Amino acid sequence: MAENPSFLCRRTFVTTALLGLAGCAAACSTAAPWYTPDTNSQADALEVPLSALGPENYVILDAKNFPAPILLARQDQNYTAVEMICTHRGCAVHVQRNRLVCPCHGSQFELNGNVLQGPAAQPLRRYSVQQEGDILHITRSSY
């Protein structure tokens, strides 16, 4: 029994469309590096080696003693650490092309937590970062 040529065209179209969408999603988002700090550190502080920052100059910290993942970023010689939770409705934000994007309502933030686009009106929660040699100390008390 001969196959229906229009069925093959639809299958080819759907397969091509899905592969195109997957390629677009990969191009539009960035797979940020992750680092899990030592859990023996103080409950309100983290120690992160400078080597944890990848070539993108940022890393997501999976800190068990903090309420949410933290983005640690270097801009010039300044370091910032922000909680990856949108201040609009509490959704987790994602790194996309050197910015943080909320998938729930479209808010966008700079890597330092400042709002680029609403509906969020407040910056992301920031943590204090102090450098001591090749170690960055991040403390939970926000500023």
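You'll find the structure just up there.
Quick look at the structure, then. Owing to the predicted nature of the structure, the values given are computational and were not obtained by experimental measurement.

**What to know about the overall build of the protein**
So, step 1. Within the protein one finds one helix and 11 strands.
So, step 2. Ordered by position from the N terminus, the helices and strands of the protein form the series α-β-β-β-β-β-β-β-β-β-β-β.
So, step 3. Burial analysis of the protein (143 residues in total) assigns 33% to the buried set.

**A short note on the sheet that holds strand 7 (residues 100–101)**
So, step 1. One open sheet holds the four strands; their spatial order is 6-7-8-9, and the pairing between them is antiparallel. A strand with exactly one partner marks an edge of an open sheet, and here the two such strands are strand 6 (94–95) and strand 9 (115–117).

**Digging into the pairing of strand 5 (residues 78–83)**
Where a strand is regular, its side chains alternate between the two sheet faces.
So, step 1. Of all six residues in strand 5, five are buried; the element is thus mostly enclosed.
So, step 2. Inspection of the sheet shows strand 4 (residues 70–75) paired to strand 5 by six bridges, in the antiparallel sense. Residue Leu72 lies in a different strand from strand 5, and its bridge partner there is Ala81.
So, step 3. Once strand 4 ends, the chain turns through two residues before running back antiparallel as strand 5, passing Asp76 with a positive phi of about 60°.
So, step 4. Here two bridges tie strand 5 to strand 10 (residues 126–132), and the two strands are oriented antiparallel to one another. Paired with Ala81 across the strands is Tyr127, a residue of strand 10.

The rules behind the values
- Residues numbered from 1 in each chain as written.
- Predicted model: local features only at pLDDT ≥ 70, side-chain atom pairs only at ≥ 80, totals over all residues.
- Heavy atoms only, no water.
- Helix = DSSP H or I, 4+ residues; strand = E, 2+ residues; numbered from the N terminus.
- Buried < 20%, exposed > 50% of the residue type's maximum accessible area, 1.4 Å probe, protein only.
- Pairing = 2+ DSSP bridges.

All quantities given are derived from atomic positions and should not be read as evidence of function.
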